[in-house]
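What the coordinates show
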Amino acid sequence: MATPAAQHAKKERTALSPTRPWLVGLIGIAALWASLSVAVSVGAVAVPLDTVWGIVINKVVPDAVAVDWSVGREAIVWDIRFPRAILAGLVGAGLAIVGASLQAVTRNPLADPHLLGISAGGAFGAILALLHTGLFIGLLTVPLLAFLGALGATLIVLAVAKLASATSADRLVLAGVAVSFIVMSLANLLIFLGDPRATHTVVFWMLGGLGLAQWDQLIYPALVLAGCGAYLWLRSGYLNAMTVGDETATTFGIPVARFRLTVFVIGALVTGVMVAFSGIIGFVGLMVPHIVRLAVGGSYRRLLPITALCGAIFLVWADIIARTIMAPDDMPIGIVTGLIGGVFFVWLLGRRSG
């Protein structure tokens, strides 16, 4: 008679046939396309979908479609809403794959760049650049200092966890939350000491916002997401082994400590760059990987790309809600994700205790 573990493995293999992830991926691509269409179409000034894609096609292939729209509508679609929607997709995908990767290397289902203090470190670095140091190396200053701040917060969390012998998953999250509070307090101090005229902009940015998206800046989060996402996907076998335990991963020849540190550095890089362009957006990396696992299972070769798709879709719709719920005012997107994520976090705690 088969053991319970063997029966569970057989059941999982049966439930997750090889075609199912492809099906979920195709549905996700279609859903992302539809979400981007809606995001560009809706707002204080509604633009019909045929006009939206007519403008986009004309920008890609000049004079391919007869122009029957105003210059104002074209500016709204191409210069404001479209780059904003793409930035939402990039940030959502980046935060989602970082959360999934951190959950693997920490073996902690509650791991998330927001809860582990990585986002707070990125915010500290970005605020330092915006209010105090200035753009001393141009547009790269904010992403660079945000990455350094996120990396610094990550190393502090690891040091605190080691110093306090916080080896369990829950204690690591507690260490992250403690560091997050400290770093955010220092960030608030930077705001207090900075130029009062810039305070409103920085506070809105700390709550999360995509309103400053510009075409010429999208290249930075896109390149970081592509490079780091590709690396994590190529190391999906490592991530699978890490979810089982350090001893098992070591038997497969995986340099556990070095790989865990590498994933933390990648998480800091992705989070820091995303925070630099979108502000602090929490709970995306916590929610999305759990939801995706219910559809495609726990294999990171399937999980990472579909998590990126679903993270992009989620944040695009969160931005739609933020832009329309109080139109024409623009609600910070971090409020929307915080409300949804807080409820999900409570549900997840109840599910774990059950």
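Please refer to the structure placed before this passage.
Residues numbered from 1 in each chain as written. Predicted model: local features only at pLDDT ≥ 70, side-chain atom pairs only at ≥ 80, totals over all residues. Heavy atoms only, no water.

1. Some remarks on the overall build of the protein chain
- Secondary structure summary: the protein chain contains 15 helices and zero strands in total.
- For the protein chain, whose C-alpha radius of gyration is 21 Å, the value lies close to the compact-globule estimate of 20 Å for 354 residues.
- In terms of overall dimensions, the protein chain has C-alpha extents of about 70 × 55 × 35 Å along its principal axes.
- Sorting the 354 residues of the protein chain into buried and exposed places 49% on the buried side. (Helix = DSSP H or I, 4+ residues; strand = E, 2+ residues; numbered from the N terminus. Rg over C-alpha atoms; globule rule 2.2 N^0.38 Å. Buried < 20%, exposed > 50% of the residue type's maximum accessible area, 1.4 Å probe, protein only.)

2. Observations regarding the nonpolar core
- Within the largest apolar cluster, 110 residues are counted, with the highest numbers of intra-cluster contacts made by I127, L239 and V284.
- The biggest single contributor to this core is helix α4 (residues 71–105), with 17 residues. (Core = buried A, V, L, I, M, F, W, Y, C linked by side-chain atoms within 4.5 Å.)

3. Some points on helix α10 (residues 236–244)
- All of the buried residues along α10 are S236, L239, A241 and M242.
- Those residues of α10 hidden inside the fold are in contact with α4, α9 (219–234), α11 (246–251), α12 (256–278) and α14 (300–324).
- Positive phi shows up at G245, right after α10, with a value of about 150°. (Contact = heavy atoms within 4.5 Å.)

4. A closer look at unusual backbone geometry
- Despite not being glycine, D63 has its phi angle at roughly 65°, a positive value.
- Mapped onto the secondary structure, D63 falls in the loop between α3 (49–60) and α4.
- Of note, the phi angle at R107 is positive, near 50°, even though the residue is not glycine.
- Turning to its location among the elements, R107 is positioned in the loop between α4 and α5 (118–133).
- Judged by relative accessible area, R107 falls into the partly exposed class, the value being 37%.

5. Things to note about the packing of α10 against α12
- In contact at an axis separation of 12 Å, α10 and α12 are set at 110° when each is read in the N-to-C sense. In terms of orientation, α10 lies roughly perpendicular with respect to α12. For the pair α10 and α12, the crossing hand works out as left-handed. Residues Y238, L239 and M242 of α10 form the contact with α12, whose participating residues are V256, F259, R260 and V263.
- For the contact of α10 with α12, the residue count by class is six nonpolar, no polar and one charged. (Axes fitted to C-alpha atoms, helices over the stretch in contact; angles between N-to-C directions. Parallel < 35°, antiparallel > 145°, perpendicular 65-115°, else oblique. Left-handed = near helix turned anticlockwise from the far one by under 90°. Nonpolar A, V, L, I, M, F, W, Y, C, P; charged D, E, K, R; others polar.)

6. Remarks on the packing of aromatic side chains
- Applying the stated criterion to the full structure yields nine aromatic pairs.
- Taken together, W33, W53, W78, F82 and W215 form an aromatic cluster joined through their ring pairs.
- Its guanidinium or amino end placed over the ring of Y238, R235 lies 5.5 Å from that ring's centre, counting from NZ or CZ. (Phe/Tyr/Trp six-rings, centres within 6.5 Å; stacked < 30°, edge-to-face > 60°. Lys NZ or Arg CZ within 6 Å of the ring centre and 35° of its normal.)

7. Focus on α3
- Between its first and last C-alpha atoms α3 spans 17 Å; for 12 residues at 1.5 Å apiece the expected length is 16 Å, and the two agree.
- Residues T51, V52, G54, I55, V56 and N58 constitute the buried set of α3. (Expected span 1.5 Å × (residues − 1).)

8. Focus on the packing of helix α6 (residues 141–163) against α12
- Running from N to C, α6 and α12 cross one another at 140°; their axes reach a closest spacing of 7 Å. Relative to α12, the element α6 lies oblique. Once α6 is placed against α12, the crossing between them reads as right-handed. Contacts from V142, P143, A146, F147, A150, L151, T154, L155 and L158 in α6 reach L261, F264, V265, A268, L269, G272, V273, A276 and F277 in α12.
- Here the residues of the contact of α6 with α12 sort into 16 nonpolar, two polar and no charged.

9. Let's talk about the pattern of salt bridges
- Summed over the entire model, instances satisfying the criterion amount to six salt bridges.
- For the salt bridge of R84 with D319, the shortest nitrogen-to-oxygen distance reads 2.8 Å. Of this pair, R84 sits in helix α4 while D319 is found in helix α14, placing the two residues 235 residues apart along the sequence.
- Relative accessible area serves as the criterion here: at 3%, D319 is assigned to the buried category.
- Note that D246 and R260 form a salt bridge whose closest N and O atoms lie 2.7 Å from each other. With D246 in helix α11 and R260 in helix α12, this residue pair connects regions lying 14 residues apart in the sequence. (Salt bridge = Lys/Arg side-chain N within 4 Å of Asp/Glu carboxyl O.)

10. A word on the environment of L130
- Inspection of the secondary structure assignment puts L130 in helix α5.
- Sequence separation between L130 and T141 is 11 residues, and the spatial gap between their C-alpha atoms is 8.9 Å.

11. Describing the side chain of T337
- Topologically, T337 is positioned in helix α15 (residues 333–353).
- From its side chain, T337 meets the backbone oxygen of G334 in a polar contact 3.2 Å long.
- Ignoring anything within four residues of it in the chain, the contact list for T337 reads I281, G282, F283, F314, L315 and A318. (Polar contact = N/O pair within 3.5 Å; in protein donor to acceptor, adjacent residues only side chain to side chain.)

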